Amino acid sequence: MRIQPEAETFVSEHRDVMNITGAYVLESERKAGTGTMLLGAVKEWLLQNGYTLCGVDFESINITGGRFWNKHFVPYAYSMVRRIDERISI
């Protein structure tokens with residue numbers, strides 16, 4: 001897991017917030033508690049370093065990740081974006 005003070009949205013820019021901006025567990029290791037253990041280590045580090053809040057950004061298309069994150073976090077912001085194909089000429 002990677003943690004950073006900056007995240008996808010300005011909503012999480014606060015001195016007491018650190019954000020999980022990357023996380024991956026090999027498919028063969030999922031459902032073995034690896035992600036939960038990593039999250040526990042991150043939470044311990046945050047507390048030891050004076051952070052009281054932790055945020056995470058995940059894409060709604062990431063069903064597997066969504067199941068994990070929604071077990072451990074409460075949603076506080078939803079955002080939407082539309083990417084315009086820059087190859088299209090008008």
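Here the structure is a predicted model, which is why all the values come from computation and not from measurement. Just so you know, the residues in each chain are numbered from 1, in the order the chain's sequence is written. Two thresholds apply to this predicted model, a pLDDT of at least 70 for residue-level local features and 80 or more for giving and counting side-chain atom pairs, whereas whole-chain, interface and lining totals are computed over all residues. Hydrogens and water molecules were not included; the side-chain quantities draw on all heavy atoms of the structure.

**Some thoughts on the pairing of strand β3 (residues 53-56)**
- Of the pairings in the sheet, the one linking strand β2 (residues 17-22) to β3 comprises four bridges and is parallel in character. From the neighbouring strand, M18 faces β3, where its bridge partner is C54.
- If the strands point away from the viewer and the path from the first strand over the helix to the second runs clockwise, then the crossover is right-handed. Think of it this way: any DSSP run of H or I at least four residues long counts as a helix, any run of E at least two long counts as a strand, and we number them from the N terminus. Regarding topology, helix α1 (residues 34-48) serves as the crossover connection from β2 to the parallel β3, and that connection is right-handed. One bridge is not enough; two strands pair if DSSP finds at least two bridges between them.

**Observations regarding the packing of aromatic side chains**
- Here the aromatic set is Phe, Tyr and Trp, taking the six-membered ring for Trp, and pairing holds for ring centres within 6.5 Å; pairs whose planes are under 30 degrees apart are stacked, those over 60 apart are edge-to-face, and all others are tilted. In the structure shown here, the tally under the stated rule is three aromatic pairs.
- With 4.9 Å between their ring centres and 75° between their planes, F68 and W69 make a pair best called edge-to-face.
- Type-normalised accessible area, obtained with a 1.4 Å probe on protein chains alone, sets the label of each residue: buried when under 20%, exposed when over 50%, and partly exposed for intermediate values. For W69, a relative accessible area of 8% corresponds to the buried category.
- An aromatic cluster is present here, built from F68, W69 and F73 joined pairwise through their rings.

**Things to note about the sheet that holds strand β1 (residues 2-4)**
- Strand order across the open sheet formed by three strands is β1-β2-β3, with mixed pairing between neighbours. The sheet terminates laterally at β1 and β3, the two strands that pair on one side only. Pairwise comparison of adjacent strand axes, ignoring direction, gives a mean angle of 35° for this sheet.
- Sheet contacts for α1: β1, β2 and β3; angle to β2, the most-contacted strand, approximately 150°. Each axis is a line fitted through C-alpha atoms, taken for helices only over the stretch in contact, and angles between the N-to-C directions span 0 to 180 degrees. Throughout, a residue-residue contact means that at least one pair of heavy atoms, one from each residue, lies within 4.5 Å.

**Side note on the nonpolar core**
- We define the nonpolar core as a collection of buried residues of types Ala, Val, Leu, Ile, Met, Phe, Trp, Tyr and Cys that are connected through side-chain atoms lying within 4.5 Å of one another. Of all hydrophobic cores here, the largest spans 10 residues; its members are M18, I20, L39, V42, L46, Y51, V56, F68, W69 and F73.
- With three residues, α1 is the largest single contributor of residues to this core.
- Residues in contact with M18, not counting those within four places in the same chain, are I3, Q4, P5, W45, L46, Y51, L53, C54 and G55.

**Section: the environment of G65**
- You can see G65 is positioned in helix α2 (residues 63-72).
- Expressed as a C-alpha distance, the spacing of G65 and V25, which sit 40 residues apart in the sequence, is 9.9 Å.

**With respect to unusual backbone geometry**
- The phi angle at K31 is positive, at roughly 65°, despite the residue not being glycine.
- By relative accessible area, K31 is classed as exposed at 88%.

**Concerning the layout of surface pockets**
- Grid points spaced at 1 Å over the protein atoms alone were grouped into cavities, where a 1.4 Å probe fits but cannot get out, and pockets, open sets with protein on both sides within 12 Å along at least five of seven lines, with lining residues defined by an atom within 4 Å of a point. Grid points are joined across faces, edges and corners, and a volume is the space filled by probe spheres set on the points. Space inside the largest pocket adds up to approximately 1100 Å³.
- Contributing to the lining of the largest pocket are 33 residues, with V56, D57, F58, A77 and Y78 lying nearest its centre.
- Elements supplying a minimum of two residues to the lining of the largest pocket: α1, β3 and α2.
- Per-class residue counts for the lining of the largest pocket are 20 nonpolar, eight polar and five charged. Polar here means any residue outside two lists: the nonpolar Ala, Val, Leu, Ile, Met, Phe, Trp, Tyr, Cys and Pro, and the charged Asp, Glu, Lys and Arg; Gly therefore counts as polar.

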